[in-house]
Amino acid sequence: MEKINWGIMGTANIARWATIPGMKLAPNARLYAVAGRSLEKAKSYADEYGFDKYYGSYQELLQDDKVQAVYIPLPNNLHLQWVTAALKAKKHVLCEKPLALTEAEARLMFKTAEENGVYLMEAYAYLHGPYVKSLKEDVRNGLIGDVDFIDTAFVTQGYKEDIRLYKELGGGAVYDLGCYCTTMILSLIDSEPVSVKAAAEFTDKGVDEITTGFIRFKNGARASFNVGMILGQNTNARFDRLYIHGTKGFIKSEVEYNQAGAVTYQIFTEKGLTERKIDVPQNYSLEIEQLGSCILSGEKTYVTADFSIKNAKLMDSIFKEIGY
């Protein structure tokens, strides 16, 4: 199988524990180059994971003609700058969520991708997995009737020191965690948001550490979410929840966002309880493979530009509500 030469821009932890292992599993991907803020750090990364090339600056990576696609896991405030630079260098781009800090930024980046004839996809690995696809299929098939309410939560650890703690870096619970909840909700409710209510508690650095919100949709459906970075400091503690209520039943799930392995969720209808058991592979390998298929055979990105822009618009409304 033909393989895409991937370059990684930055040496973030998510690349280390999630995306690089995913690239190694994806049959159409090849670890080719990595760039860091220093040559020494990039070399260490390259030696550890087996990259062919390493660079001491992001621009050098983009100047390498053999790099076909770039994965960008940089802090949120740097996405616009480096996604734009990569697209203009004719590189296909997979950028970590959230792709943009605003709807306007998202629109600008996708416009740049179109102008340069390359793919841009926002990295929501969990959306590629069979767990979410099964949920969507059960909802689409009317197993619980018409969805009228969704509630979801993603609450995780607090941090003593982390880029998520700084407003100038695009930190906070909504940017880091809330985007999972909003994309899940938008994946399951096929309608336009018409109103948003939200409230948050802020840290002394100006980022929201816990936020709750309520969304009403044009078709009458409603959704609520809770996100927070409050469960102790620098632990592995987290809490995930998903509840989907319909006119003929409901679905309950406590599967973690991006969870792999054997997962289950329960469907309750007048016929009784049905339990889905799904084997979920490494989700990050699925998104790498899918974007590779887009590049090699012209597939449409699974996480589309329209979806990412719709989500960015919804997040804008949430930030306006909480005063971020």
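Residues numbered from 1 in each chain as written. Predicted model: local features only at pLDDT ≥ 70, side-chain atom pairs only at ≥ 80, totals over all residues. Heavy atoms only, no water.

Asker: In this structure, what is going on with the overall build of the protein chain? I would like to understand it.
Answerer: Counting secondary structure elements, the protein chain contains ten helices and 14 strands. Taken over the C-alpha trace, the protein chain has a radius of gyration of 20 Å; the compact-globule value for 324 residues is 20 Å, and the two agree within 12%. Each principal axis of the C-alpha distribution contributes one length, and for the protein chain these read about 60 × 50 × 40 Å. Put simply, 67% of the contacts in the protein chain that link residues at least 6 apart link residues at least 24 apart. Accessible area for the protein chain stands at about 14400 Å²; split by element, carbon and sulfur atoms hold 48% of it. Both charge centroids of the protein chain, one from 37 positive and one from 41 negative side chains, sit 2 Å from each other. (Helix = DSSP H or I, 4+ residues; strand = E, 2+ residues; numbered from the N terminus. Rg over C-alpha atoms; globule rule 2.2 N^0.38 Å. Contact = heavy atoms within 4.5 Å. Areas by Shrake-Rupley, 256 points an atom, 1.4 Å probe, with all protein chains shown as cover. Lys, Arg positive; Asp, Glu negative; His and termini not counted. Charge placed at Lys NZ, Arg CZ, Asp CG, Glu CD.)

Asker: I would appreciate a short explanation of the side chain of D240 in the present structure.
Answerer: Tracing the backbone through its elements, the reader meets D240 in strand 11 (residues 238-246). Judged by relative accessible area, D240 falls into the buried class, the value being 5%. Engagement of the side chain of D240 in a polar contact is seen with the side chain of R238, the distance being 2.8 Å. There is a polar contact of 3.1 Å between the side chain of D240 and the backbone nitrogen of Y257. Contact partners of D240, with chain neighbours within four places excluded, come to A153, F154, E254, V255, E256 and Y257. (Buried < 20%, exposed > 50% of the residue type's maximum accessible area, 1.4 Å probe, protein only. Polar contact = N/O pair within 3.5 Å; in protein donor to acceptor, adjacent residues only side chain to side chain.)

Asker: Honestly, the packing of aromatic side chains in this entry has me stumped. Any pointers?
Answerer: Aromatic rings considered in pairs are described by the distance between their centres and by the relative angle of their planes. According to the stated counting rule, one finds 18 aromatic pairs in the structure shown. On the numbers, 5.7 Å between centres and 85° between planes, the contact of Y175 with Y324 is edge-to-face. Taken as a pair, Y175 in helix 8 (residues 173-188) and Y324 in the segment after helix 10 (305-322) lie far apart in primary sequence, 149 residues in all. Comparing Y175 with Y324, the two get one shared label, buried. Its guanidinium or amino end placed over the ring of Y302, K133 lies 4.7 Å from that ring's centre, counting from NZ or CZ. (Phe/Tyr/Trp six-rings, centres within 6.5 Å; stacked < 30°, edge-to-face > 60°. Lys NZ or Arg CZ within 6 Å of the ring centre and 35° of its normal.)

Asker: Any chance you could explain the pattern of salt bridges here in plain terms?
Answerer: Pairing between side chains of opposite charge can happen when their charged atoms approach one another. A complete count under the given rule lists 13 salt bridges for this structure. Each of K97, D162, R164 and D176 takes part in a single network of salt bridges with overlapping partners. (Salt bridge = Lys/Arg side-chain N within 4 Å of Asp/Glu carboxyl O.)

Asker: Teacher, can you tell me more about empty space enclosed by the protein here?
Answerer: If a probe as big as a water molecule is rolled over the atoms, it shows which places are left empty. Tallied over the full model, the rule gives two cavities of 30 Å³ or more. For the largest cavity, the lining is made up of 14 residues, of which Y131, M184, V255, E256 and Y257 are closest to its centre. Of all the secondary-structure elements, those providing two or more residues to the lining of the largest cavity are helix 7 (130-140) and strand 11. Per element, the largest residue contribution to the lining of the largest cavity is three residues, and it comes from strand 11. In terms of residue class, the lining of the largest cavity is made up of seven nonpolar, four polar and three charged. (1 Å grid on protein atoms, 1.4 Å probe; cavity = no way out; pocket = protein on both sides within 12 Å on 5 of 7 lines; lining within 4 Å. Points joined across faces, edges and corners; volume = space filled by probe spheres on them. Nonpolar A, V, L, I, M, F, W, Y, C, P; charged D, E, K, R; others polar.)

Asker: Help me understand the sheet that holds strand 3 (residues 53-55), please; the structure alone is not making it clear to me.
Answerer: The strands making up a sheet associate through hydrogen bonds between their backbones, and the pairing can be parallel or antiparallel. The strand order across the open sheet formed by six strands is 3-2-1-4-5-6, and the pairing between neighbours is parallel. The sheet is open, and its two edges are formed by strand 3 and strand 6 (120-123), each paired on a single side. Each neighbouring strand pair of the sheet contributes to a mean axis angle of 25°, computed without reference to strand direction. (Pairing = 2+ DSSP bridges. Axes fitted to C-alpha atoms, helices over the stretch in contact; angles between N-to-C directions.)

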